[in-house]
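Descriptive structure summary
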Protein chains: 4
Amino acid sequence: MIKVGVVGGTGYTGVELLRLLAGHPDVEVVAITSRAEAGVKVADYFPSLRGHCDLAFTDPASAPLKGCDCVFFATPNGVAMGQVRPLLDSGARIVDFSADFRLKDRAVWEKWYKASHAAPELLAEAVYGLPEINRERIRSARLVANPGCYATAIQLALLPLVETTFVDHAHLIADAKSGVSGAGRKAEVDLLFSESSDNFKAYAVKGHRHHPEILESLASLQSASGRRLGLTFVPHLVPMVRGILATVYARITADTDFQALFEARYREEPFVDVLPSGSQPETRWVRGTNQCRMAVHRPFDGDTLVVLAVEDNLVKGAAGQAVQNMNLMFGFPESRALEQIAVVP
Amino acid sequence: MIKVGVVGGTGYTGVELLRLLAGHPDVEVVAITSRAEAGVKVADYFPSLRGHCDLAFTDPASAPLKGCDCVFFATPNGVAMGQVRPLLDSGARIVDFSADFRLKDRAVWEKWYKASHAAPELLAEAVYGLPEINRERIRSARLVANPGCYATAIQLALLPLVETTFVDHAHLIADAKSGVSGAGRKAEVDLLFSESSDNFKAYAVKGHRHHPEILESLASLQSASGRRLGLTFVPHLVPMVRGILATVYARITADTDFQALFEARYREEPFVDVLPSGSQPETRWVRGTNQCRMAVHRPFDGDTLVVLAVEDNLVKGAAGQAVQNMNLMFGFPESRALEQIAVVP
Amino acid sequence: MIKVGVVGGTGYTGVELLRLLAGHPDVEVVAITSRAEAGVKVADYFPSLRGHCDLAFTDPASAPLKGCDCVFFATPNGVAMGQVRPLLDSGARIVDFSADFRLKDRAVWEKWYKASHAAPELLAEAVYGLPEINRERIRSARLVANPGCYATAIQLALLPLVETTFVDHAHLIADAKSGVSGAGRKAEVDLLFSESSDNFKAYAVKGHRHHPEILESLASLQSASGRRLGLTFVPHLVPMVRGILATVYARITADTDFQALFEARYREEPFVDVLPSGSQPETRWVRGTNQCRMAVHRPFDGDTLVVLAVEDNLVKGAAGQAVQNMNLMFGFPESRALEQIAVVP
Amino acid sequence: MIKVGVVGGTGYTGVELLRLLAGHPDVEVVAITSRAEAGVKVADYFPSLRGHCDLAFTDPASAPLKGCDCVFFATPNGVAMGQVRPLLDSGARIVDFSADFRLKDRAVWEKWYKASHAAPELLAEAVYGLPEINRERIRSARLVANPGCYATAIQLALLPLVETTFVDHAHLIADAKSGVSGAGRKAEVDLLFSESSDNFKAYAVKGHRHHPEILESLASLQSASGRRLGLTFVPHLVPMVRGILATVYARITADTDFQALFEARYREEPFVDVLPSGSQPETRWVRGTNQCRMAVHRPFDGDTLVVLAVEDNLVKGAAGQAVQNMNLMFGFPESRALEQIAVVP
């Protein structure tokens, strides 16, 4: 049984994390912080947790985080980088949901996040928390940077292609679609029901912040170093609460059995499910679960490969992957507390 | 470990039952029948169950139902009444999701369901499966008639009022709203996305089939026998998948502390949660769970009482309540496999 | 051709008003104000208006409102009362969308709106802009208080009952359901897509601000003065953008042909459509239009009457009714620019 | 004033056509056929049309279609090809919403539609009804094949690229997303609210029937004949009622100002709106209107061009384009009855 703290518990990834941790037999949550809601019982704030959580939110200043074995930062970008140092010194291990430690290249980080990095000395140590590429390093990490939701789905769809040389790495396309919860629980007009319901649009076409993290991570995996890696990534907003579907296009440059390639790559992965040939995955098939399900298509046997990958942006794309990382870090079975079945319909 | 069969596994209550049973440690599902899908793997039909169900659908004629300890009928009205007799004779115990055995009065049944009843001799024996009123009888029942989804929410909202005499029993009003899954997985134009999305309407205003079951059940509970029980019940269709909110209105005829009345009535109930005074329950607070959460209001301290009750129509309103009934029938802890936390958002 | 100004053009009722006015042949919109968006072209802010509106938002301070024949206030409560006096003095006539002038009783207004009224001397002069009760007074009014969206639907459903004595006026119930746009274009967490989609709830059960305006207006119409008028009003939030359905319940105290009563009351009304007996109106039937459609039911020929009324909260519940009022005030045909057909599906 | 008949008036494109024609001053609708609903008043079937349509559905066999100047077929594939010949002989001109006459190549048609063509002799005469490429031929056509909804959006997004040689024509990608109404008003499980709400998926990845019509039409326009035209087209289903967004990707092979290219191409088009550089069009901006709005992006000034195009699938993608074609055929102003403003929100 480990002691766990959650910094920033009032957002969507926070409440999802609490849902998952409530079912984890090896975890005791000892603190959930929120400056704005300090003193409020968590189950009053999120009545879905009535009967499953007795804690009240505590002010970050007085929360007993230093006594924790593991601290999750379910906070906006820019918070964790200012707070992890003393926690690490106290012996806590960290899983950060934000982008603060996802990039190795400080200059790229500062360009995209338009800020000076507060803990650049930790960038090298931090492990990018995608178990499908970094499982062993995660086991021993002190500081894990949990990947972005889009970044998870797109990388999983691309991994088998980037690790090999059957497609043109320089002109990859990821047309990705996300439910609205991906934008977080922020009071913004664009996220209102009346703005996003019965509507569809692309956004951040000029450049989404998950773009550099995908590029940096994939580039490190390319089979032939020095190959140019290029990705056009267009995110879209779907009028649904949860779920991401990434539709990935790649130009085939050498023939192979792509279905077999994907199946082989993910055979041992507990949370990547390569569907039978011809499948067309739906986001609801993974709603509330840590699964990423994907299908590989080659329309008309032409030279364009299409990969379809779905995940729940709040689970495999955030809180579930964080628990998966924690399980690895503390030697628990990797799937513990992550075996939910999707709620369908 | 008991052997369980599911008759009619391709509908919404069927797949929800399979989701819940997959997490039940005392249950082995040995057969899931479907005439139309016989031979198809259940996890191919419902990919959300991939990794959680190895069975294929079997034709009802060849399914090993007679060897089951418990058989669930997740079938439309009219199916179970023709099939339960030989199963009961074989020693199986039955939970029927349909309306076939919900009414004691055969004439009322035949009037509302416009058919001749195929097993009227079982109507007296069948136990109406609302644990909050029939817990002890359910424990020993061979045949349990699982209540309708509206009927569950409305009765739970009314029970404390009908068992006492603080309101006018003769003029109760239940303005109920349901997600579309309540209508089942039927290929009907009215249930199309393009018909019911971004839209709201009442339906069955002239009389909904859950009406007589509510009246018969509540009448049996009235504190003073012979009092007239009257209910105006207007169902509405909400553009959401799951969830029922029943807004119940009653005229107060004698003063009492209604909050205390409700809290006392449900203090020991594992699946009825009387919220703090002033609460306004949301259907998502119970999505995917077996909870019914309710709040009691008396606007402007006037003489009209308002009770708000939410449930997930597929769980407490169907499959979850069925598992709760099975737990009671077989001596398992009542909440086993029913402790999910709502998926929010 | 009259000159029209719009104060507060960036909200939902504002953009809806601009849509309707763009099709009005007798109107020239000369100013649309917004402090925050001053200088921005309206069609850049609302691209749906591209090709239909050449104006830019102007700062309220410099907008040529005093030269207008008619000024609409599509502003939050509390704005119009501080600004209408000089406009009236300049000869402009006003239609105010807010609650500032809806109540005659200043004390009631100040209690519900928790503020001191800035122009109490105008309360007596202001005409409540429900044409179905005040048509003649609206024609000559200088200042029209456009009714609230709920207030419009509920009053239209109740008018024939309150003007006669066939039901108990003291215990009316209005269970009303609204799309999310009724809450306005405000950056609030409760109105986020991820909070209100796939969800249903009641709100403001303790008292909604439209309550006193309904009571005051209906009380003035009661056939027998001195009868007590009582209304329990529970609003609910529907996961749809537009539309209100009010389900009204009344206890019948004297027999009559209610269908005939409603048809006779509304025979000459251009925007109230009493549907054939047995109808169940849907909100989409009036989406984007100024119609209120309603149906009258008496389930099981009992003593509870049920009236179902639908409207588009942004049209008959706001901007459309405002144009209808303007048409009356300036002698244009009452239906001008209001003959749209609902967009279905 | 011309006499118009509508064959198949009970579907979504049918009711949308009736909405548009009701506002057309030069048109008298004299017959709306439906075998199943013969005798039913159209406004009873579609109450949104109450007050705007006095006709009843008539059986196709007895409908006075031969006296019509223009007949619309709002019918499934395979109906029009069996019925247009005698109507043409009677002097009527036809706009067919189905795919029956969209392809010149009979063999391709029969392969995709898995049937023998009933009127192959008319394929050559039929004019593909995309005014942006065939305006002059439409004016004099007897038989117009109205394009598919996806086909319209995708072609409009690609036209300026295919008519020139700045991008690789052989590897175009159209990742298209449609609201559910695009699938029609069919009683199919896949189209149920509970299947498609809060969900997202790709479908027809192996090949959508609009694919050959896009290829054939675009190939005829290529600037350099003989160039290979290749298109990967993946349609997706969005949980919204109306709207298509096509995200088109093309590899740039020669530099140019793409924004200027698109603006020049569509400068004179009444229903194609090239948005300012940097725009991200939303489907609701064209809801209920005949506009196609598009934006041109070149992320990171790289060699992949991204074009975003939105339309209402039932208007510019079906009924609106049909009215536009009729206007051309009969010499009415091209925009007549097509100047609606989008209903936003």
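In this numbering scheme, every chain counts its residues from 1 along its sequence in written order. Chain letters start at A and ligand numbers start at 1, both assigned in the order the entries are written. Totals for whole chains, interfaces and linings use all residues, but because this is a predicted model, local features are given only for residues with pLDDT of at least 70 and pairs of side-chain atoms are given and counted only at 80 or more. With hydrogens and water set aside, each side-chain value is computed from the structure's full complement of heavy atoms.

Tallying secondary structure elements over chain A gives 10 helices and 14 strands in all. Radius of gyration here uses only the C-alpha atoms, and the compact-globule reference equals 2.2 Å multiplied by the residue count raised to the power 0.38. Since a compact globule built from 345 residues should have a radius of gyration of about 20 Å, the 20 Å found for chain A is in line with a globular shape. Across its three principal axes, chain A shows a C-alpha extent of roughly 60 × 45 × 40 Å. Considering only contacts within chain A whose residues lie at least 6 apart along the sequence, 70% involve residues at least 24 apart. Within the structure as shown, chain A displays about 10,800 Å² of accessible surface, and the carbon and sulfur contribution to it stands at 49%. Where helices and strands are cited, they refer to DSSP runs of H or I of at least four residues and of E of at least two residues respectively, numbered from the N terminus. We call two residues contacting when some pair of their heavy atoms lies within 4.5 Å. Computed with a 1.4 Å probe, the accessible areas rest on the Shrake-Rupley method; for each residue, only the protein chains presented here act as cover.

What follows is about the interface of chain D and chain A. Contact with chain D, which involves 46 residues of that partner, is made by 46 residues of chain A. Defined in terms of a 1.4 Å probe, buried area is the accessible area two parts forfeit on being brought together, summed over both. Summing both partners gives a buried area of about 4,100 Å² for chain D against chain A, and 55% of it is carried by carbon and sulfur. Here a salt bridge means any side-chain nitrogen of Lys or Arg lying within 4 Å of a carboxyl oxygen belonging to Asp or Glu. In this assembly, chain D and chain A are joined by 9 salt bridges. Glutamate 195 of chain D serves as the salt-bridge partner of arginine 284 of chain A, at 2.6 Å between the closest nitrogen and oxygen. Any pair of N or O atoms that falls within 3.5 Å is considered a polar contact. Within protein, one atom must be able to donate a hydrogen and the other to accept it, and sequence-neighbouring residues count only if both atoms are side-chain atoms. Remark: the boundary between chain D and chain A carries 28 residue pairs in polar contact (both at pLDDT 80 or more). Mapped onto the side of chain D that touches chain A, the elements with two or more residues apiece are strand 8 (172-179), helix 7 (193-196), strand 9 (201-202), strand 10 (231-238), strand 11 (244-251) and strand 14 (304-311) of chain D.

Okay, empty space enclosed by the protein next. Every definition here rests on a 1 Å grid over the protein atoms only: cavities are sets of points where a 1.4 Å probe fits but cannot get out, pockets are open sets enclosed by protein on both sides within 12 Å along at least five of seven lines, and lining residues have some atom within 4 Å of a point. Grid points are joined across faces, edges and corners, and a volume is the space filled by probe spheres set on the points. Inspection of every chain in the model, using the stated rule, returns 6 cavities of 30 Å³ or more. Reported here for the largest cavity is a volume of approximately 190 Å³. Along its surface, the largest cavity is lined by 21 residues, and Ser197 and Pro239 of chain A, Ser197 of chain B, Ser197 of chain C together with Ser197 of chain D are the ones closest to its centre. In this classification, the charged set is Asp, Glu, Lys and Arg, the nonpolar set is Ala, Val, Leu, Ile, Met, Phe, Trp, Tyr, Cys and Pro, and all remaining amino acids, among them Gly, are polar. Residues belonging to the lining of the largest cavity are distributed by class as follows: 13 nonpolar, 4 polar and 4 charged.

Let's shift gears to the relation of the copies chain D and chain C. Residues reaching a pLDDT of at least 70 in both copies supply the C-alpha atoms on which the copies are superposed by least squares. Here chain D sits on chain C after a turn of 180 degrees about the axis and a move of 0.0 Å along it, with an RMSD of 0.0 Å. Look at the turn and shift together and you get a two-fold axis relating the two. Within chain D, aspartate 198 of chain D has its C-alpha nearest the rotation axis, a separation of 3.7 Å. Interface residue correspondence from chain D to chain C reaches 100%, placing this contact among same-surface, isologous pairings.

Attention shifts here to the packing of helix 1 (residues 12-21) of chain A against helix 10 (residues 315-329) of chain A. Helix-helix packing is characterised by the crossing angle of the two axes and by the distance between the axes. All names here are of chain A. With axes taken as lines fitted to C-alpha atoms, and helix axes fitted only over the stretch in contact, angles between N-to-C directions fall between 0 and 180 degrees. Orientation of helix 1 relative to helix 10, taken along the N-to-C sense of each, is 45 degrees, at an axis distance of 9 Å. By the angle between their axes, helix 1 is oblique relative to helix 10. In the packing of helix 1 onto helix 10, the handedness of the crossing is right-handed. Contacts between helix 1 and helix 10 involve Thr13, Glu16, Leu17, Arg19, Leu20 and Leu21 from the former and Val315, Ala318, Ala319, Gly320, Val323 and Met326 from the latter. Looking at side-chain class alone, the contact of helix 1 with helix 10 contains 8 nonpolar, 2 polar and 2 charged residues. Here the angle decides the label: under 35 degrees means roughly parallel, over 145 means roughly antiparallel, 65 to 115 means roughly perpendicular, and every other value means oblique. Two helices that cross are described as forming a left-handed crossing if the nearer one is turned anticlockwise from the farther one by less than a right angle, and a right-handed crossing if clockwise.

Let's shift gears to the relation of the copies chain D and chain A. Placing chain D over chain A gives an RMSD of 0.0 Å and needs a rotation angle of 180 degrees, together with 0.0 Å of translation along the axis. An overlap of 100% is found between the interface residues of chain D and their copies at the interface of chain A, pointing to a shared contact surface.

A separate point is helix 6 (residues 149-162) of chain B. The periodicity of an α-helix, 3.6 residues per turn, causes residues three or four places apart in sequence to face the same way. All names here are of chain B. Here the expected span of a helix is defined as 1.5 Å times the quantity of residues minus one. With 14 residues, helix 6 extends 19 Å between its outermost C-alpha atoms, agreeing within 8% with the 20 Å of an ideal straight helix rising 1.5 Å per residue. In helix 6, a bend of some 35 degrees at leucine 156 exceeds every other bend along the element, and proline 160, a proline, comes one to four places later. Three labels apply to residues, based on accessible area from a 1.4 Å probe with only protein chains included: buried if under 20% of the type maximum, exposed if over 50%, partly exposed otherwise in between. Of all the 14 residues making up helix 6, 14 are buried; the element is thus mostly covered by neighbouring parts of the structure. Fitting axes to the seven residues that end at a residue and to the seven that start at it, the angle between those axes gives the bend at that residue.

In this section: the environment of methionine 81 of chain C. All names here are of chain C. Topologically, methionine 81 is positioned in helix 3 (residues 80-89). Overall, methionine 81 belongs to the buried group, its relative accessible area being 10%. Excluding residues within four positions of it along the chain, methionine 81 makes contact with Asp100, Phe101, Trp109, Ser116, His117, Ala118 and Ala119.

Our focus in this paragraph is the pairing of strand 8 (residues 172-179) of chain A. Residues and elements named next belong to chain A. With 8 of 8 residues buried, strand 8 lies mostly within the body of the structure. Burial along strand 8 is two-sided: the face carrying Leu172, Ala174, Ala176 and Ser178 and the face carrying Ile173, Asp175, Lys177 and Gly179 are both buried. Any two strands with at least two DSSP bridges between them are considered paired. Pairing analysis gives 8 bridges linking strand 8 to strand 10 (residues 231-238), with the strands arranged parallel. Each residue of the ladder has a partner; that of leucine 172, found in strand 10, is leucine 231.

For the rest of this paragraph, the subject is the interface of chain D and chain C. How big an interface is tends to be stated in terms of accessible area lost as the parts join. Counting residues at the interface gives 28 residues for chain D, matched by 28 residues for chain C. The largest per-residue losses of area from chain D upon contact with chain C belong to Arg50, Ile341 and Pro345 of chain D, which jointly make up 28% of the total buried on that side. In this assembly, chain D and chain C are joined by 2 salt bridges. Close ionic contact of arginine 50 of chain C with aspartate 273 of chain D constitutes a salt bridge, the shortest N to O distance being 2.6 Å.

Our next topic: the packing of aromatic side chains. Under the pairing criterion, centres of Phe, Tyr and Trp rings, with the six-membered ring standing for Trp, must be within 6.5 Å; the plane angle then separates stacked pairs below 30 degrees from edge-to-face pairs above 60, leaving the rest tilted. Counting across every chain of the model gives 36 aromatic pairs over all chains. Seen from their ring centres, phenylalanine 300 of chain A and tryptophan 112 of chain D are 6.1 Å apart, and the 55 degrees between their planes marks the pair as tilted. In this pair, phenylalanine 300 of chain A is assigned in the loop between strand 13 (292-297) and strand 14 (304-311) and tryptophan 112 of chain D in helix 4 (residues 106-113), connecting two distinct chains. Residue classification places phenylalanine 300 of chain A among the partly exposed residues on the basis of a relative accessible area of 48%. Of the aromatic side chains, those joined through ring pairs into one cluster are Tyr45, Phe46 and Phe57 of chain A. Its end group placed over the ring of phenylalanine 330 of chain B, arginine 93 of chain B keeps NZ or CZ at 5.0 Å from the ring centre. Two conditions define a charge located above a ring, namely a distance within 6 Å from the ring centre to NZ of Lys or CZ of Arg, and an angle within 35 degrees of the ring normal.

We now examine the sheet that holds strand 8 (residues 172-178) of chain C. Residue and element names in this part refer to chain C. Read across the open sheet, the 7 strands follow the order 9-10-8-11-14-13-12; overall the sheet is mixed. On the outer flanks of this sheet lie strand 9 (201-202) and strand 12 (272-274), each paired with one strand and no other. With 5 bridges connecting them, strand 13 (residues 292-297) and strand 14 (residues 304-311) associate as antiparallel partners. Pairing of methionine 294 across the sheet is with alanine 309, part of strand 14.

Backbone-to-backbone hydrogen bonds pair the strands of a sheet. The strands run either parallel or antiparallel. Spatially, 3-2-1-4-5-7-6 (chain A) is the arrangement adopted by the 7 strands of the open sheet, whose pairing is parallel. Across the chains shown, the open sheet's two edge strands, defined by having one partner strand only, are strand 3 (57-58) and strand 6 (127-128) of chain A.

Attention now goes to the packing of helix 5 (residues 131-139) of chain D against helix 10 (residues 315-329) of chain D. Residue and element names in this part refer to chain D. The N-to-C vectors of helix 5 and helix 10 enclose an angle of 40 degrees; their axes lie 9 Å apart at closest approach. The interaxial crossing formed by helix 5 with helix 10 has right-handed handedness. Counted together, Pro131, Glu132, Arg135, Ile138 and Arg139 of helix 5 and Lys316, Gln321, Gln324, Asn325, Leu328 and Met329 of helix 10 form the full contact between these two elements. Its residues assigned to classes, the contact of helix 5 with helix 10 shows 4 nonpolar, 3 polar and 4 charged.

Looking along a regular strand, one sees side chains alternate from face to face of the sheet. Residues and elements named next belong to chain C. Among the 8 residues in strand 11 (residues 244-251), 8 count as buried, and that is most of the element. Along strand 11, one buried face is formed by Ile244, Ala246, Val248 and Ala250 and the opposite face, lined by Leu245, Thr247, Tyr249 and Arg251, is buried too. Of the pairings in the sheet, the one linking strand 11 to strand 14 comprises 8 bridges and is antiparallel in character. Considered in strand 14, the bridge of threonine 247 is made with leucine 308.

Residues and elements named next belong to chain A. Domain start and stop positions are those given by an automatic or database domain assignment. Along its sequence, chain A is organised into domain 1 (2-125) and domain 2 (150-313). Computed over C-alpha atoms only, the centres of domain 1 and domain 2 are separated by 27 Å. Taken together, the contacts link 14 residues of domain 1 with 13 residues of domain 2. Contact between domain 1 and domain 2 buries roughly 1,200 Å² in total, counting both sides, with carbon and sulfur atoms accounting for 52%. Taken together, domain 1 and domain 2 are joined by 2 salt bridges. Close ionic contact of arginine 102 with glutamate 213 constitutes a salt bridge, the shortest N to O distance being 3.0 Å. At the boundary of domain 1 with domain 2, the tally comes to 9 residue pairs in polar contact (both at pLDDT 80 or more). Split by residue class, the side of domain 1 that touches domain 2 holds 6 nonpolar, 3 polar and 5 charged.

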